[in-house]
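# Examining the three-dimensional arrangement
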Amino acid sequence: MSADPATLWHATAAALQPFPALKGAVETDLLVIGGGFAGLSTALHAAEAGQSVVLLEAHRIAWGASGRNAGFVVPNFAKVDPDGIRGMLGPRAEPLINMAAGSGDLVFDLIRRHQITCDAQQSGWLQPSHSDAAFAKAKDRVRQWSALQRPVQVLDAAGIAAMTGVAPDRSGWRGGWIDRSGGVINPVGYARGLARAATAAGAVLHEASPVTALQQVGAEWLASTPQGQIKARQVVLATNAYAGGLWPGLARSFFPLRVFQVATQPLPDAVRNRLLPGNQSLSDSRRNLFTFRFDAANRLISGGMPIVPWGADRRLPRAIHRRLAQMLDLPDLPPLQFQWSGMASVMPDFLPRVVKLAPGLLAGFACNGRGIALSTAMGRELADWASGTPADALAIPLKPAAPIPAHALARLAPNALLPFSILRDRIENKR
């Protein structure tokens with residue numbers, strides 16, 4: 001079995017006893033492949049609906065992106081707002097919009113209902129605006145989400161400064177907005193809690209059980225692992241960016257994006273009480289996103305993307321540390337205690353996606369930088385499908401797998417364009 005990654009979250013979450021590897025032949029209604037948020041949510045909701053469920057994880061629960069993020073619960077879309085989605089999807093837009101709108105509440109409701117220990121606080125998600133144009137967009141975003149009765153609010157520059165503890169002359173933030181249904185969690189603690197809840201509901205989980213072959217046999221599916229086989233009526237691939245080569249071409253239908261995260265040693269209480277006193281999560285409007293939050297022990301957490309991937313493990317954490325010190329006016333910022341990275345899946349339209357690969361076989365992709373909230377909500381949708389809801393009636397648009405043209409080159413674009421994004425951010429911030 002692969003060891004847990006060396007992240008802050010794996011080091012501090014409540015321990016979870018390993019699940020045994022699959023051995024022998026098993027039959028089930030639903031096979032879920034992938035032990036992250038999407039797979040665990042699918043397994044939990046399907047088991048609660050009365051389905052027999054088996055979940056296979058190649059490594060350990062929350063080994064992939066679900067354990068390697070920053071623990072932000074963000075109940076919206078990365079690049080698109082309700083009006084834009086309506087323009088893209090027409091009448092099919094409303095179920096997806098409503099799914100996202102309630103996704104933060106879903107996460108925290110599950111945490112409360114299953115008594116999951118994960119340092120959860122539904123304290124809100126902040127997005128400061130780095131330019132006048134970004135602030136105008138923030139006001140429009142609040143207008144759109146307010147129409148759906150969401151707990152959102154526009155904040156002027158003084159309001160952002162009060163909530164963040166960062167002076168406007170330091171940050172350049174013109175204002176921003178908050179969605180109070182978002183917040184922070186320990187994502188590994190949350191995933192482990194979902195695993196316990198799914199098991200209590202009747203799902204059977206196996207770790208160290210990579211699926212080496214998946215084939216249709218009549219009206220059922222047969223999945224093979226190194227020590228066993230599963231026959232299932234339906235299958236959900238919930239691997240997100242860690243799709244590998246299990247299904248031909250699937251990994252070319254999204255952009256894999258490697259994101260780095262760091263956590264400092266704990267900050268003194270006097271500094272901690274100045275910054276984010278309400279303990280929100282924060283990601284601003286820059287293209288070269290600036291993020292920060294604290295964990296329960298006052299460690300300061302932030303992340304970033306590399307321009308050049310080679311040597312990024314050594315180079316980028318130091319750059320993120322320097323940026324934190326500069327942005328937050330912390331000349332004595334404690335050194336890094338943890339640094340890690342993970343792969344996110346990004347769709348070309350930045351919307352979550354359910355892909356129909358074959359009869360009885362769906363794959364779901366929901367990250368786009370919003371993995372905790374949207375992947376949890378997507379799991380509930382996939383469980384509805386397993387219980388009889390037609391796939392084309394789900395809230396998430398159903399589409400066939402479509403490899404991205406020139407994927408090998410196109411996947412490099414976010415990193416290659418980062419210098420131009422940084423330059424544009426600086427120019428806009430100084431106007």
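This structure is a prediction, so every number in the text was calculated from the model and none was measured. (Residues numbered from 1 in each chain as written. Predicted model: local features only at pLDDT ≥ 70, side-chain atom pairs only at ≥ 80, totals over all residues. Heavy atoms only, no water.)

In this section: the pairing of strand β18 (residues 361-365). Here β18 lies mainly inside the structure; five of its five residues are buried. Burial along β18 is two-sided: the residues L361, A363 and F365 and L362 and G364 are all buried. Between the antiparallel neighbours strand β17 (residues 353-358) and β18 lie two residues, among them G360 with a positive phi of about 80°. (Buried < 20%, exposed > 50% of the residue type's maximum accessible area, 1.4 Å probe, protein only. Helix = DSSP H or I, 4+ residues; strand = E, 2+ residues; numbered from the N terminus. Pairing = 2+ DSSP bridges.)

Taken together, the side chains of R314, R315, R318 and R322 make up a positively charged region of the molecular surface. Residue position: R318 is located in helix α11 (residues 312-327). (Patch = residues over 30% accessible without salt bridge, like charges linked within 9 Å, V, L, I, M, F, W, Y side chains within 5 Å. Areas by Shrake-Rupley, 256 points an atom, 1.4 Å probe, with all protein chains shown as cover. Salt bridge = Lys/Arg side-chain N within 4 Å of Asp/Glu carboxyl O. Lys, Arg positive; Asp, Glu negative; His and termini not counted. Charge placed at Lys NZ, Arg CZ, Asp CG, Glu CD.)

Bringing α11 into the picture now. A rise of 1.5 Å per residue sets the reference length of α11, with its 16 residues, at 22 Å; its end C-alpha atoms lie 21 Å apart and thus fit the reference within 8%. The inward-facing, buried residues of α11 contact α8 (168-171), β12 (255-264), β14 (291-294), β15 (300-304) and β16 (336-346). D329 sits one or two residues past α11 and shows a positive phi near 55°. (Expected span 1.5 Å × (residues − 1). Contact = heavy atoms within 4.5 Å.)

For an α-helix, the turn length of 3.6 residues means that residues three or four places apart are oriented alike. Look at helix α12 (residues 371-386): 21 Å from first C-alpha to last across 16 residues, which is about the 22 Å you get at 1.5 Å a residue. G388, located one to two residues past α12, shows a positive phi value of around 125°.

Our next topic: the pattern of salt bridges. Here the structure, examined in full by the defined rule, presents 19 salt bridges. Residue D4 is joined to R192 by a salt bridge in which the shortest nitrogen-to-oxygen separation is 3.2 Å. Here the residue D4 occupies a position in the segment before α1 (8-12), and R192 occupies one in helix α9 (residues 187-200), the gap between them amounting to 188 residues. The closest approach of N and O atoms between R143 and D140, which form a salt bridge, is 2.8 Å. Placement of the pair is R143 and D140 together in helix α6 (residues 132-146), with a separation of three residues, close to one helical turn. A residue is classified by how much of its surface remains accessible, and R143, at 45% relative accessible area, is partly exposed. Several salt bridges share partner residues, and in doing so they unite D83, R86, E94, D140 and R143 into one network.

Next up on the list: the packing of helix α2 (residues 37-48) against α12. One can describe the packing of α2 onto α12 by two numbers: an axis separation of 7 Å at closest approach and a directional angle of 35°. In terms of crossing hand, the pair formed by α2 and α12 is right-handed. When α2 is examined against α12, the residues F37, A38, S41, T42, H45 and A46 are found in contact with a partner set consisting of G371, I372, S375, T376, M378, G379, R380, L382 and A383. Within the contact of α2 with α12, the residues separate by chemical class into seven nonpolar, seven polar and one charged. (Axes fitted to C-alpha atoms, helices over the stretch in contact; angles between N-to-C directions. Left-handed = near helix turned anticlockwise from the far one by under 90°. Nonpolar A, V, L, I, M, F, W, Y, C, P; charged D, E, K, R; others polar.)

All right, on to the environment of P75 then. For P75, the location among the structural elements is in the loop between β3 (72-73) and α3 (82-89). Linking P75 and D284, residues 209 residues apart in sequence, is a C-alpha distance of 15 Å.

Right, let's get into the sheet that holds strand β5 (residues 152-156). Sheet architecture is open: eight strands sit in the order β5-β6-β4-β13-β14-β15-β12-β16, paired in mixed fashion. Both edges of this open sheet fall to β5 and β16, since each of them pairs with a single strand only. Going from strand to strand, the sheet's axes swing by 20° on average, the running direction of each strand aside. Sheet analysis places strand β4 (residues 125-129) next to strand β6 (residues 175-179), joined by five bridges and oriented antiparallel. Among the inter-strand pairings, Q127 is bridged to a residue of β6, identified as W177. The sheet strands contacting α6 are β4, β5 and β6, and the helix crosses β5 at an angle near 155°.

The next subject is a nonpolar patch on the surface. Nonpolar side chains collect at one region of the surface, where I307, V308 and W310 lie side by side and expose about 330 Å² of accessible area between them. Relative to the assigned elements, W310 resides in the loop between β15 and α11.

A few words on the nonpolar core. Ranked by internal contacts, the top residues of the largest apolar core, which has 79 residues, are I61, I85, Y190 and L205. Here the element with the most residues in this core is α12; it accounts for nine residues. Y190 has contacts with F37, V107, L110, I111, I116, C118, I185, I372 and T376, leaving out every residue within four places of it along the chain. Listed in part, the 25 residues of the second largest apolar core include L56, L237, A243 and F254. (Core = buried A, V, L, I, M, F, W, Y, C linked by side-chain atoms within 4.5 Å.)

Shape is all these values report; function is a separate question.
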